[in-house]
Amino acid sequence: MFAVYRELEGSAYLAWHAIRRLGVLRRPPVTEELVRQIYFTGASATGGIVLRGAFIGTLIIAYVIEVLNADAGLAVKMLLWVVLREVGPLIAAVLVIQRSGTAVATELALREISGEIASLRRMRIDPYDYLVVPRVAGMALSNAALTLYVQLIAVGGGMVLSSLIINVPFAEMLGMFFLLASPLDLVYSFIKSLLFGVAIAVVSCYHGLNPRGHSINAVPQAAIRAVTEALLAVMLLNVVFAYLVYGVAFFGLVTAEQ
C-alpha cells in the first residue's frame, strides 16, 4: 500500500512540475528534446494507423447496416459516438503506450542506472526540466494529433470502404456526418487525448527515473510497470470522462443522480 501511495505521489509531483515549468521549453536544449519526442511519438507512428482506422470504421458501418438492419444515419451516428468520442482516443493512447511509453521508460531507466541522471544534477541541470517536461508536452501534443488522425482515417476510410463493400452511397453518409457532427465532439476528444498523453508520459517518466535496482535487469521491469500502469491510468481517465459526460461509468454500474 505504501508503494502505491509513493507512486501516486511521485507521479502527481512530476505532472505538477511539468505543468509549472512549461516555460523551459523555450530553451534550445529542451526544445530539441521536445521536437525529438514529437517526431518519435507522432510523426513516425502514423503509418501503422491507416489500416487499423479504416478497418474499424468499415466494421462499425457494416455491423450496423448489415447485422442490425439499420440505415446509414444510424451507422454514421455510431461512427460519431464510438470513433470520435471513445475508440479514437483509446487507439491513439494504446499506440503511444506501446511505442513511446516503453521507449521513454527504458531510456530514462538506462540513464538512471548508468549515472547520467546523477551527472546532470552535479552539473546543476534539473533532470525534470531537461527530460520530463519535453516528454510530457511532446507526448500530449502527439497523442492529440494521432487521435485526430485516427478519427479522420476511421470515419473517412470507413465511409469510403463501406460505399464500395456494402453499397451504401458515400454522398449519403457524408451528408449525414456533417449534419450530425458537432464541434463539441472534437473538443471533447481533444481534451481527453491531451490528458491521456500527459498521463502516459508522467507514468513512463516516473518509472524510468525510479527503477527498482541498479542492475540492467531493472530496465525491462521499469518498462513493464510503465506500460501496465499507463494503461490503467488511461482506462481510469476514460471512466471519469464517461461519468462526467454521460453520467454513466463501469458499464452502467455507476450512474449520476438526476
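Residues numbered from 1 in each chain as written. Predicted model: local features only at pLDDT ≥ 70, side-chain atom pairs only at ≥ 80, totals over all residues. Heavy atoms only, no water.

Q: Let's hear about the overall build of the protein chain: which residues, and what values?
A: Each helix and strand counted, the protein chain has nine helices and two strands in total. Of all 258 residues assigned to the protein chain, the portion counted as buried reaches 45%. Sequence separation of 24 or more characterises 79% of the internal contacts of the protein chain that already satisfy a separation of 6 or more. As displayed, the protein chain offers around 13,500 Å² of accessible surface, 69% of which is attributable to carbon and sulfur atoms. (Helix = DSSP H or I, 4+ residues; strand = E, 2+ residues; numbered from the N terminus. Buried < 20%, exposed > 50% of the residue type's maximum accessible area, 1.4 Å probe, protein only. Contact = heavy atoms within 4.5 Å. Areas by Shrake-Rupley, 256 points an atom, 1.4 Å probe, with all protein chains shown as cover.)

Q: Account for the confidence of the model for the protein chain, with residues named and values stated.
A: Chain-level statistics for the protein chain give a pLDDT mean of 81 and a share of 80% at 70 or above. Note that residues 249–258 has pLDDT below 50 and, in this model, 12 contacts with residues that lie over four places away or in other chains. (pLDDT = per-residue confidence, 0-100.)

Q: Outline helix 2 (residues 28–41), supporting the account with residue identities and numerical values.
A: A rise of 1.5 Å per residue sets the reference length of helix 2, with its 14 residues, at 20 Å; its end C-alpha atoms lie 20 Å apart and thus fit the reference within 8%. For helix 2, the full list of buried residues reads Val30, Glu33, Leu34, Gln37 and Thr41. Summarising the axial view, the buried residues of helix 2 lie within an arc of 100°, below the 170-degree limit, and thus occupy one face. Turned more than 90 degrees from where helix 2 packs its buried face, Pro28, Val35 and Tyr39 sit exposed. (Expected span 1.5 Å × (residues − 1). Arc of directions from axis to C-beta.)

Q: I'd like to hear about the packing of aromatic side chains, residue by residue, with values.
A: Going through the model one piece at a time under the given rule, you end up with two aromatic pairs. With a centroid separation of 5.8 Å and an interplanar angle of 80°, the aromatic rings of Tyr188 and Phe241 are classed as edge-to-face. Placement of Tyr188 in helix 8 (residues 183–209) and of Phe241 in helix 9 (residues 218–246) is noted, with a sequence separation of 53 residues between them. The same class applies to Tyr188 as to Phe241, namely buried. Cation over ring: Arg99 sits above Phe40, and NZ or CZ is 5.0 Å from the ring centre. (Phe/Tyr/Trp six-rings, centres within 6.5 Å; stacked < 30°, edge-to-face > 60°. Lys NZ or Arg CZ within 6 Å of the ring centre and 35° of its normal.)

Q: A description of a nonpolar patch on the surface should follow, citing residues and the corresponding values.
A: Together, Val187, Phe190, Ile191 and Leu195 line one region of the surface with nonpolar side chains, adding up to about 330 Å² of accessible area. Position of Val187 relative to the elements: it lies in helix 8. When its relative accessible area of 42% is taken as the criterion, Val187 is described as partly exposed. (Patch = residues over 30% accessible without salt bridge, like charges linked within 9 Å, V, L, I, M, F, W, Y side chains within 5 Å. Salt bridge = Lys/Arg side-chain N within 4 Å of Asp/Glu carboxyl O.)

Q: Could you give an account of unusual backbone geometry, with specific residues and numbers?
A: The phi torsion at Arg124 lies on the positive side, around 60°, for a residue other than glycine. Note on placement: Arg124 falls in the loop between helix 5 (116–122) and helix 6 (127–165).

Q: Residue-level account of the environment of Phe170, with values.
A: Examined against the element boundaries, Phe170 turns out to sit in helix 7 (residues 170–180). Here Phe170 falls in the partly exposed class, since its relative accessible area comes to 32%. Between the C-alpha atom of Phe170 and that of Val160, which follows or precedes it by 10 residues, the distance is 6.3 Å.

Q: Give me the lowdown on the environment of Leu108, citing residues and values where you can.
A: For Leu108, the position within the fold is in helix 4 (residues 72–113). In sequence terms Leu108 and Ala222 are 114 residues apart; their C-alpha atoms lie 9.4 Å from each other. Not counting residues within four places of it along the chain, the set of residues in contact with Leu108 comprises Leu131, Arg135, Cys205, Gly208 and Leu209.

Q: Any details on the pattern of salt bridges? Residues and values, ideally.
A: Applying the stated criterion across every chain, the model contains eight salt bridges. A salt bridge links Arg36 to Glu33; the shortest N-O distance between them is 2.8 Å. On the criterion of helical spacing, the pair formed by Arg36 and Glu33 is a turn pair, its members being three residues apart in helix 2. Glu107 is the partner of Arg135 in a salt bridge, and the nearest nitrogen-oxygen pair spans 3.0 Å. Of this pair, Arg135 sits in helix 6 while Glu107 sits in helix 4, placing them 28 residues apart in sequence. When its relative accessible area of 3% is taken as the criterion, Arg135 is described as buried. Shared partners join several salt bridges into a network, and the residues in it are Glu33, Arg36, Glu107, Arg111, Glu116 and Arg135.

Q: Any chance you could break down the environment of Ile216 for me, citing the residues and the numbers?
A: Summarising the element assignment, Ile216 is placed in the loop between helix 8 and helix 9. According to the relative accessible area criterion, Ile216 is exposed, its value standing at 55%. Residues Ile216 and Leu110 lie 106 residues apart in sequence; the distance between their C-alpha atoms is 7.7 Å. What Ile216 contacts, discounting residues up to four positions off in sequence, is Leu110 and Ile113.

Q: Outline the side chain of Ser11, supporting the account with residue identities and numerical values.
A: By secondary structure assignment, the location of Ser11 is in helix 1 (residues 2–20). Beyond its immediate chain neighbours, meaning those up to four positions away, Ser11 contacts Val202 and Tyr206.

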